[in-house]
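# Observations on the model geometry
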Amino acid sequence: MNSPFLSARNVSIFYGDKQAVFDVDLDIEANKVTALIGPSGCGKSTFLRAINRMNDQISSCRFEGSLKIGGQDIYDKSVNVVALRAQVGMVFQKPNPFPKSIFENVAYGLKIHKLTSSKTELQDRVEWSLKSAGLWDEIADRLNEPGNSLSGGQQQRLCIARTIAVEPKVILMDEPCSALDPIATAVVEELIDNMRKDFTIVIVTHSMQQAARISQQTAFFHLGQLVEFGETKDVFTNPREQRTQNYITGRIG
Amino acid sequence: MENVHITSSFDKDLGEIKARVVKMGTLVASQLSEGMLMLANPDAARVEALVKNDRKVNGMNTSIAKHAERLIALRQPMALDLREALSPINIATELERIGDHAKSAAKRSQKMLRGAIPPEFQALLSAISGLLQTQIDDVLRAYDKSDLALAAHVREQDRQVDDLNRKVFELSVLALSDGKRDAATLMNVVLVSRNLERVGDHIVNIARYVNQIVTGDDLKATE
Amino acid sequence: MIDFSKHAGFDLSVRTRAEKRFQWTGRLAILLSLAFLGWMMVTIIWGAIGATQSVQIAVSVDLSRVDGQAIENTRFGSIVKTGLRSQFPEVSKRADKKKLYNLVSPEGGFELARQVQKNPDLLGETALIWLTASDDLSQYYRGQMDVDLPEDQRQVSDLEIAWITDLADRGQIRTKANWGFFTNGDSREPEIAGILAALVGSALSLAVCFALSFPIGIAAATYLEEFAPLNRISDIVEVNINNLAAVPSIVFGLLGLSIFLGYFGLPRSSPLVGGMVLSLMTLPTIIIASRASLKSVPPSIKEAALALGATPVQAVFHHVFPVALPGMLTGAIIGMARALGDTAPLLMIGMVAFIVDIPKSILEPATALPVQIFLWADSPERAFSEKTSAAILALLFFLVAMNLVAILLRRKLEQRF
């Protein structure tokens, strides 16, 4: 097994006095899709948001343990959160394009991190991002229209394009398809599958079928603990833990 | 597994398929005992009834497969549930084969005269078929209650069936060399014994499926 | 067939009646409010009608002996008096002459001077110049005077009435649209008093107010809403700002009086101080409205920006701020509208003075529209009451215009989101 790209050890996360994540050890491999599943309030979203330190925005949130990406502890004092987030992108549950044009949406990340040095380079990068997100053909002729004039599925792909544009190493997705219809969901899932070769993807999902379809590895969280982690094909055909089995088959413990 | 689904209709659907399998198994068991009776005392009318029932057995196999297919399509079962949905198809197939053997035994009886089977062979055949009856009952109960121990016991008992079958073979060889018995009858006896041994194998397969449902392990590969 | 009303719970007709009652109560309330509003508008407009017209008298003035080089030294007042005497040569008694000169407004001389300066060709000739009539004459001519009273109780004597009739017959009296209302400053003479000085004073004060309160207000709101840590201090600040919004405006006037005028010694009655006092008053309103506007921006936008690696400042200024700006502007303009109409603080800092000249900078003494209305309303002369109503209309128009601007701006800026 290749050395994990993202490595969590003894990760515990607190909201004030309440503990949301209990002592999680998890290794996420590069260029794979890892799904985090579990019932509501089990800590999977909290854990996900710890990876790009979005929990820092919540003042009562406290992180313990170590989370390393590419060997670097991301909670180390020397790490600049802004730089980290350029390397770890996030796509949210509800598509949230900026109230600007499609072009500006994708270009924003490139602009603030000064990743391009000329106007043509910027345009090329925007085009590449939109193509990678499978959106270019649909909107190439209306780049100046506002981002939220698109359909739900297109908006989510726009958000993905925006995230891809800065070429992060890791892409975090928090239930990206839950607001989309089945066709749009299938399009996004196909996109995720294609993105795998260039990015490491961690996806939180409520749909076990989706996790089964698109991930190679699955982690099951329950009440803040990591109950089981393994190859997706094993977790969904013959899980080791009774709790996992109960959740997957919709049983009461 | 005692824990139940949150959606109770799921449990109901699974239970219904299980009930169908058990019903099919019970019918197949009675077919087998009837077939053995025919061997001792052939009765044309009863043989015809048995053949008719065999068609019923085949029909039950098809309907179990259809119900399982529907459950898989509508419920998207995972893990344990998936095995519980798929296995009835396999088990029903095994039961159907047992039914075929019962039918072939009954048909064979038509070729033999009443009381043609020598008593020592009749005793052996009765012993085998008696064992098989218990085994079918046990394995169906093991399936119904997900009883791993009972399933293991059934697999163990198959050894006895194999032993008895071997005895029939040896005895036949002796009797043939002696020339005291009718060769055709002896041949038929051996063939029937072989059929019964196959029935034993099918029963063991069902026991393995029962184990696989619960543990997810495929014993065929390891045993 | 199902009869739905059978399952409708308690008596359906009772519920329907209650519903109708409530709706009619609402309608009645609206009608009542509109009725009062309409009554107020009708009263004001009716009262202001008189101010739309000014009466002018044609006086024949002899400008032949006026030296073109020494216009400033010429006493145009006496030229007007001479002209009047020439039109009514039979007047001899001193008292009567005084009454005669009273036909023309005391401003007459200045008016003549302004006309000569505008039109130097008039020099060296005798001409018939239209000058504003006195307020008594105007009132009489427009039929707003009670003439049934005995002469000693009347404003105009019989003699004056005779002269007026005479002038009318000669076609030397006319009514003209009173544009002077908008182009003149205040005056002791109601017939030529205008609101320009007050308008300019108000405009300058508002400009100072906007320049001070808008940037400070939206900056404070942005900081408090987006960046300030959630602790007791922020809570205290928020409570205090909310309270300040409810403080009576006269308190801010007192503050201005003691600090801006007393301690800093800024010029009294200037638009600078007026604007500063008004901005103190408007700041809480702007801060509260701006915070509400910022709060209404969906937090998902800011989250998306942060997740891309924007710093909090970048996220706020690139994304939250532009979306909130229309709301902030609207809040600011509504705050301005309130500042426009607030008299009390301006009275405290001395804008109650009698200002004739149009202020040219924010440091010169000025007055404001609401103050002007207050002063005129205090005046006993009937002519001023017309002007008061007219000035009120002007103020209301200004307010409505500001609100319209607010609505248009918001609509235009909102389209982009």
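Bear in mind that the values here come from a model prediction, so they are computed numbers and not experimental data.

Secondary structure summary: chain B contains seven helices and zero strands in total. For chain B, the α and β elements follow one another from N to C terminus as α-α-α-α-α-α-α. Viewed in the frame of its principal axes, chain B has a C-alpha envelope of about 70 × 40 × 20 Å. Expressed as a percentage of its 223 residues, the buried residues of chain B come to 38%. For chain B, the share of sequence-separated contacts (at least 6 apart) that also reach a separation of at least 24 residues comes to 80%.

A few words now on the overall build of chain A. When you go through chain A residue by residue, the secondary structure sums to ten helices and ten strands. Expected size for 253 residues packed as a compact globule is a radius of gyration near 18 Å; at 18 Å, chain A falls within 12% of this value. Each principal axis of the C-alpha atoms in chain A carries an extent, and together these give about 55 × 45 × 35 Å. In chain A, which comprises 253 residues, the share counted as buried stands at 47%.

Time to look at the packing of helix H8 (residues 196–227) of chain C against helix H13 (residues 312–341) of chain C. All names here are of chain C. Packing of H8 against H13 brings their axes to within 9 Å, and their N-to-C directions diverge by 145 degrees. Crossing angle aside, the handedness with which H8 passes H13 is right-handed. Contacts between H8 and H13 pair Ser-202, Leu-206, Cys-209, Phe-210, Phe-214, Gly-217, Ile-218, Thr-222, Glu-226 and Phe-227 from the former with Pro-312, Val-316, Val-320, Phe-321, Met-328, Ala-332, Met-336, Ala-339 and Leu-340 from the latter. Tallied by class, the residues present in the contact of H8 with H13 amount to 15 nonpolar, three polar and one charged.

Quick look at the arrangement of the chains now. The protein chains that touch form two pairs of chains, and the pair with the most contacts between them is chains A and C. Separated in space, chain B and chain C share no contact, their closest pair of C-alpha atoms being 33 Å apart.

Residues and elements named next belong to chain A. Taken in spatial order, the six strands of this open sheet run E6-E7-E8-E3-E9-E10, and their pairing is mixed. Of all strands in the sheet, those bounded by a partner on one side alone are strand E6 (88–91) and strand E10 (225–231). Pairs of neighbouring strands in the sheet enclose a mean axial angle of 20 degrees, with direction left out of account. Judged from the five bridges that link them, strand E7 (residues 170–174) and strand E8 (residues 200–204) form a sheet pairing that is parallel. Counterpart to Val-170 in the pairing with E8 is Thr-200. This element, helix H10 (residues 242–249), spans strand E9 (217–222) and E10 of the sheet and lies at about 95 degrees to E9.

Bringing the confidence of the model for chain B into the picture now. For chain B, the average pLDDT comes to 91, and 99% of its residues sit at 70 or higher. The ipTM assigned to the predicted complex is 0.92, against a pTM of 0.79.

This next bit is on unusual backbone geometry. Residues and elements named next belong to chain A. Positive phi, normally seen in glycine, also occurs at Asn-31, with a value near 55 degrees. Note that Asn-31 resides in the loop between strand E2 (18–28) and strand E3 (33–37). Even without a glycine there, the phi angle at Lys-114 is positive, about 50 degrees. One can find Lys-114 in the loop between helix H3 (102–112) and helix H4 (119–132).

Time to look at the interface of chain C and chain A. Contact residues are listed per partner, giving 16 residues for chain C and 20 residues for chain A. Element by element, the count of residues in the side of chain C that touches chain A is highest for helix H12 (residues 299–307) of chain C, at six residues.

Hydrogen bonds between backbone atoms are what pair the strands of a sheet, whose relative direction is either parallel or antiparallel. All names here are of chain A. On the basis of which strands lie adjacent, the open sheet formed by four strands has the order E2-E1-E4-E5 and antiparallel pairing. The strands lining the two open edges of the sheet, one partner per strand, are E2 and strand E5 (72–73). Those strands touched by helix H1 (residues 44–51) are strand E1 (6–15), E2 and strand E4 (61–69), and its axis lies near 115 degrees from that of E1.

What follows is about the interface of chain B and chain A. Taken residue by residue, the interface counts twelve residues in chain B and 14 residues in chain A. In terms of residue class, the side of chain B that touches chain A is built from six nonpolar, five polar and one charged.

This part takes up the environment of Ser-157 of chain C. Residue and element names in this part refer to chain C. One can find Ser-157 in the loop between helix H5 (135–141) and helix H6 (158–169). In this structure Ser-157 comes out as partly exposed when scored by C-beta crowding, with 16 C-beta atoms within 10 Å. Considered as a pair, Ser-157 and Lys-99 are 58 residues apart in the sequence and their alpha carbons are 8.9 Å apart. Sequence-distant contacts of Ser-157, defined by excluding residues within four places in its chain, comprise Lys-99 and Glu-151.

A word on the packing of helix H9 (residues 232–246) of chain C against helix H11 (residues 271–295) of chain C. All names here are of chain C. The geometry of H9 relative to H11 is characterised by a closest axis approach of 8 Å and an angle of 125 degrees between their N-to-C directions. It follows that H9 is oblique to H11 by the angle criterion. The hand of the H9/H11 crossing is left-handed. The residues of H11 that touch H9, namely those facing Ile-241, Asn-242, Leu-244 and Ala-245, are Pro-284, Thr-285, Ile-287 and Ile-288.

Attention now moves to the pairing of E2 of chain A. Residues and elements named next belong to chain A. Of the strand pairs in this sheet, E1 and E2 are connected by seven bridges, and their pairing is antiparallel. Along E2, the bridge assignment pairs Ile-13 with Val-21. Where E1 hands over to E2, the hairpin turn is made up of two residues, of which Gly-16 adopts a positive phi near 65 degrees.

On to helix H4 (residues 108–118) of chain C, then. All names here are of chain C. Taken together, the buried positions of H4 are occupied by Gly-108, Glu-111, Leu-112 and Val-116. One face of H4 carries all of its buried residues, which in axial projection span an arc of 135 degrees. The exposed set on the far side of H4, more than 90 degrees from its buried face, consists of Arg-114, Gln-117 and Lys-118.

Looking now at the environment of Ser-279 of chain C. Residues and elements named next belong to chain C. Along the chain, the position of Ser-279 falls in helix H11. For Ser-279, a count of 25 C-beta atoms within 10 Å puts it in the buried group. Setting aside chain neighbours within four positions, we find Ser-279 in contact with Cys-209, Leu-212 and Ser-213.

A few words now on the environment of Cys-177 of chain A. Residue and element names in this part refer to chain A. Mapped onto the elements, Cys-177 comes out in the loop between E7 and helix H7 (182–195). Sequence-wise, Cys-177 and Phe-92 are 85 residues apart; in three dimensions their C-alpha atoms are separated by 9.2 Å. With residues up to four places along the chain from it excluded, the contact list for Cys-177 reads Thr-185, Val-188 and Gln-210.

About the thresholds
Residues numbered from 1 in each chain as written. Chains lettered and ligands numbered in written order. Predicted model: local features only at pLDDT ≥ 70, side-chain atom pairs only at ≥ 80, totals over all residues. Helix = DSSP H or I, 4+ residues; strand = E, 2+ residues; numbered from the N terminus. Buried ≥ 20, exposed ≤ 12 C-beta atoms within 10 Å, placed from the backbone. Contact = placed C-beta atoms within 7 Å. Rg over C-alpha atoms; globule rule 2.2 N^0.38 Å. Axes fitted to C-alpha atoms, helices over the stretch in contact; angles between N-to-C directions. Left-handed = near helix turned anticlockwise from the far one by under 90°. Nonpolar A, V, L, I, M, F, W, Y, C, P; charged D, E, K, R; others polar. Pairing = 2+ DSSP bridges. pLDDT = per-residue confidence, 0-100. Parallel < 35°, antiparallel > 145°, perpendicular 65-115°, else oblique. Arc of directions from axis to C-beta.

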